[in-house]
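Chain by chain, the residues:
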Amino acid sequence: MKKLFAAAALLVSMLLCSCGGGAGSIGTGSAEPTTPAPETEPPITEPDDGSYFSDALFIGDSRTVGLSLYGEIKGATYFAKNSATVYTFLNGYETEKPDPRMGDRTLSEVLAGRKFGKIYILFGINELGGSAPSAVRGGFVRFISLLKAAQPNAKIIIQSNMHVTKAYEEKYPVRGKDRVNELNSLLAGLANGKDVFYLGFETLFDDEEGYLREDYARDGLHMLAGEPYNVWRGYITEFGML
């Protein structure tokens, strides 16, 4: 456990040193390489009892839909949709609705309905199909500003994008690991260590070449139920309880 805390402290220290911004601002410093995974084994914990995540909102695409189904993060609220991008909920803030299993309210209505202490966001892999990483970063800046205006006291936690398998990259190179790494580095640079944070955990799901492990992958892009979501939940509950 001491090693885990040491790894967490190192991760936070790296973000504070490299991504500093003004109070309440989004970091604007030069982007650092993708945050390395902890040197320890991936943390796998028992499902949280719901107390910490009772005021947490997870926003994202189909990977977050998967987390809502298999992650067992009790108490959390989810707003996610298959094939969604950051622009889906940015431009459709008052019109777009999530996966039907998450209700029929828009993001505007969800954010107006209650106070959240933590908002975890994960977008990017779909955007890379048609946008440059720098353009996706711009969408994140606008989306984070929208979230902060609606929930000024909430911490915004950006989650890194997982890689795809090598076979998937060969078919869809625009979503390959180099572009994912570039995007993750840009997103890490948005953290300011005050109210915007970054969790870099994509390497926990990688093989020795830096691709999504084949035994974790359902279709090259999405993950199988089971161990991958245990790893994801374990990392969030170990290092994402800010």
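Computed from a prediction, not measured in an experiment: that's the story for all the values here.

Observations regarding the nonpolar core
Ile59, Ile119, Ile121, Phe140, Phe143, Leu147 and Ile158 are the most contacted members of the largest nonpolar core, which has 37 residues in total. Among the elements that make up this core, the one with the highest residue count is helix H5 (residues 133-150) (6 residues). Apart from residues no more than four positions distant in its own chain, isoleucine 121 is found in contact with Ile59, Phe140, Phe143, Ile144, Leu147, Ile156, Ile157, Ile158 and Gln159.

Concerning the environment of glycine 189
Examined against the element boundaries, glycine 189 turns out to sit in the loop between helix H7 (177-188) and strand E5 (196-199). A relative accessible area of 4% means that glycine 189 is categorised as buried. Taking the C-alpha atoms as reference, glycine 189 lies 9.5 Å from arginine 137; in sequence the two are 52 residues apart.

Observations regarding empty space enclosed by the protein
Space left empty within the atom packing is revealed by a probe, the size of a water molecule, rolled over the atoms. The final tally for this structure, using the stated rule, is 1 cavity of 30 Å³ or more. Put simply, the largest cavity is a space of about 30 Å³. Together, Arg63, Met162, Leu221, His222, Met223, Tyr229 and Trp232 line the largest cavity. Each residue belonging to the lining of the largest cavity can be placed in one class, and the counts come to 5 nonpolar, 1 polar and 1 charged.

A look at the side chain of serine 160
Within the secondary structure layout, serine 160 lies in the loop between strand E4 (155-159) and helix H6 (166-171). Look at serine 160 and you get buried, because its relative accessible area is 0%. A distance of 2.8 Å separates a polar atom in the side chain of serine 160 from a polar atom in the side chain of glutamate 202. Here serine 160 is in contact with Leu122, Asn184, Tyr198, Leu199, Gly200, Phe201 and Glu202, once residues within four sequence places are set aside.

What about the confidence of the model for the chain?
Any segment with low pLDDT has predicted coordinates that should not be analysed in fine detail. When pLDDT is averaged across the chain, the result is 86; 79% of the residues are at 70 or more. Predicted confidence for residues 1-24 stays below pLDDT 50, and this span has 37 contacts to residues more than four positions away or in other chains.

As for helix H8 (residues 227-239)
Taking 1.5 Å of rise per residue, the 13 residues of H8 would be expected to cover 18 Å, and the 18 Å separating its terminal C-alpha atoms lies within 8% of that figure. Most of H8 is tucked away: 11 of the 13 residues are buried. Those residues of H8 lying buried are Pro228, Tyr229, Val231, Trp232, Arg233, Gly234, Tyr235, Ile236, Thr237, Glu238 and Phe239.

Points about the pairing of strand E3 (residues 118-122)
Of all 5 residues in E3, 5 are buried, a share of seventy percent or more. Side chains of E3 alternate between two faces, with Lys118, Tyr120 and Leu122 and Ile119 and Ile121 buried alike. Bridge count between strand E1 (residues 56-60) and E3: 5 bridges; the pairing is parallel. Paired with glycine 60 across the two strands is leucine 122, which belongs to E3. Relative to E4, E3 is paired through 4 bridges, and the arrangement is parallel. Bridge pairing in E4 links tyrosine 120 to isoleucine 157. Once the chain exits E3 it traverses H5 before rejoining the sheet at E4, and the crossover so formed is right-handed.

Quick notes on the pairing of E5
Alternating residues of E5 divide into Val196 and Tyr198 and Phe197 and Leu199, and every residue in both groups is buried. By the bridge criterion, 4 bridges tie E4 to E5 in an arrangement that is parallel. Paired with isoleucine 157 across the two strands is phenylalanine 197, which belongs to E5.

Regarding the sheet that holds E1
The strand order across the open sheet built from 5 strands is E2-E1-E3-E4-E5, with neighbouring strands paired in parallel fashion. The outermost strands of the open sheet, each flanked by one partner alone, are strand E2 (77-80) and E5. The mean inter-strand angle of the sheet, taken between neighbouring strand axes irrespective of direction, is 20°.

With respect to the pattern of salt bridges
With the rule as written, the count across this model stands at 7 salt bridges. Aspartate 215 is paired through a salt bridge with arginine 213; the nearest N and O atoms lie 2.6 Å apart. Residue classification places arginine 213 among the partly exposed positions, given a relative accessible area of 24%. One salt bridge in this structure joins aspartate 219 and arginine 218, with 4.0 Å as the shortest N-O distance. The exposed category is assigned to arginine 218, whose relative accessible area is 55%.

Rules used in this analysis
Residues numbered from 1 in each chain as written. Predicted model: local features only at pLDDT ≥ 70, side-chain atom pairs only at ≥ 80, totals over all residues. Heavy atoms only, no water. Core = buried A, V, L, I, M, F, W, Y, C linked by side-chain atoms within 4.5 Å. Buried < 20%, exposed > 50% of the residue type's maximum accessible area, 1.4 Å probe, protein only. Helix = DSSP H or I, 4+ residues; strand = E, 2+ residues; numbered from the N terminus. Contact = heavy atoms within 4.5 Å. 1 Å grid on protein atoms, 1.4 Å probe; cavity = no way out; pocket = protein on both sides within 12 Å on 5 of 7 lines; lining within 4 Å. Points joined across faces, edges and corners; volume = space filled by probe spheres on them. Nonpolar A, V, L, I, M, F, W, Y, C, P; charged D, E, K, R; others polar. Polar contact = N/O pair within 3.5 Å; in protein donor to acceptor, adjacent residues only side chain to side chain. pLDDT = per-residue confidence, 0-100. Expected span 1.5 Å × (residues − 1). Pairing = 2+ DSSP bridges. Right-handed = clockwise from strand over helix to strand, strands pointing away. Axes fitted to C-alpha atoms, helices over the stretch in contact; angles between N-to-C directions. Salt bridge = Lys/Arg side-chain N within 4 Å of Asp/Glu carboxyl O.

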